[in-house]
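Examining the three-dimensional arrangement
Chain by chain, the residues:
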Amino acid sequence: MMNFVVKTIANAGALAVAVWLLDKITLTGDGTGKKIWTLILVALVFGLVNFLVKPIVQLLTFPLFILTLGLITLVINALMLLLTSWLADKLDLSFHVEGFWTAVLGGLIISIVSWALHVVLPDED
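Quick notes on the rules
- Residues numbered from 1 in each chain as written.
- Predicted model: local features only at pLDDT ≥ 70, side-chain atom pairs only at ≥ 80, totals over all residues.
- Heavy atoms only, no water.
- Helix = DSSP H or I, 4+ residues; strand = E, 2+ residues; numbered from the N terminus.
- Rg over C-alpha atoms; globule rule 2.2 N^0.38 Å.
- Buried < 20%, exposed > 50% of the residue type's maximum accessible area, 1.4 Å probe, protein only.
- Contact = heavy atoms within 4.5 Å.
- Axes fitted to C-alpha atoms, helices over the stretch in contact; angles between N-to-C directions.
- Parallel < 35°, antiparallel > 145°, perpendicular 65-115°, else oblique.
- Nonpolar A, V, L, I, M, F, W, Y, C, P; charged D, E, K, R; others polar.
- Phe/Tyr/Trp six-rings, centres within 6.5 Å; stacked < 30°, edge-to-face > 60°.

The number of helices and strands found in the protein is six helices and two strands. When the helices and strands of the protein are listed from N to C terminus, the series reads α-β-α-α-α-α-β-α. Relative to the globule expectation of 14 Å for 125 residues, the C-alpha radius of gyration of the protein, 14 Å, shows essentially globular dimensions. In terms of principal-axis extent, the alpha carbons of the protein reach across some 45 × 35 × 25 Å. Out of the 125 residues in the protein, the part that is buried amounts to 34%. In the protein, 75% of the contacts between residues at least 6 apart in sequence involve partners at least 24 apart.

The following block contains the structure:
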């Protein structure tokens with residue numbers, strides 16, 4: 001259970017950094033508390049998308065992974081971020097990613113920040 005909480009916090013932190021750095025990734029809300037709650041919910045959706053959908057997409061794109069020497073991972077991460085944005089819209093969460101290239105850059109930022117946070121935060125169960 002602790003591992004799940006740590007990963008959700010790391011995802012929320014990484015999403016917050018992407019929102020802070022990129023103008024076209026938006027998070028709106030009335031106050032700081034609402035924004036934090038929205039970030040946590042979006043982090044849960046993002047984690048669920050990465051857990052359920054990403055492995056299937058990676059399996060289907062494995063030949064492209066070999067052909068592009070792994071660069072297709074940037075596209076897959078961008079698609080997962082766009083899917084998270086779409087699901088957030090359907091769940092009435094105020095999180096939006098505008099455009100594919102913003103999603104590519106956002107996915108890169110989220111990957112780097114998540115990795116750094118996972119190094120710092122404990123991951124014990």
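At Leu69, a residue that is not glycine, the phi angle is positive and equals roughly 60°. As for its placement among the helices and strands, Leu69 is situated in the loop between helix H4 (62-67) and helix H5 (72-90). Accessibility expressed as a relative area gives 78% for Leu69, which makes it exposed. Although it is not a glycine, Asp92 sits at a positive phi angle of roughly 60°. Following the sequence through the fold, Asp92 ends up in the loop between H5 and strand S2 (95-97).

Let's shift gears to the packing of H5 against helix H6 (residues 100-120). H6 packs onto H5 with a crossing angle of 100° between their chain directions and a minimal axis gap of 8 Å. What the angle tells us is that H5 and H6 run roughly perpendicular. Residues Leu74, Val75, Asn77, Ala78, Leu79, Leu81 and Leu82 of H5 form the contact with H6, whose participating residues are Phe100, Ala103, Val104, Gly106, Gly107, Leu108, Ile110 and Ser111. Residues belonging to the contact of H5 with H6 are distributed by class as follows: eleven nonpolar, four polar and no charged.

Before going further, it helps to spend a moment on the environment of Gly13. Checked against the element boundaries, Gly13 lands in helix H1 (residues 2-21). Taking the C-alpha atoms as reference points, Gly13 and Gly99, separated by 86 residues in sequence, lie 22 Å from one another.

Take the packing of aromatic side chains next. Under the definition given, this model contains two aromatic pairs. On the basis of an interplanar angle of 75° and a centroid distance of 5.1 Å, the ring pair of Phe100 and Trp101 is categorised as edge-to-face. Overall, Phe100 belongs to the partly exposed group, its relative accessible area being 31%.

Honestly, that's just the spatial picture; any functional story needs more than this.
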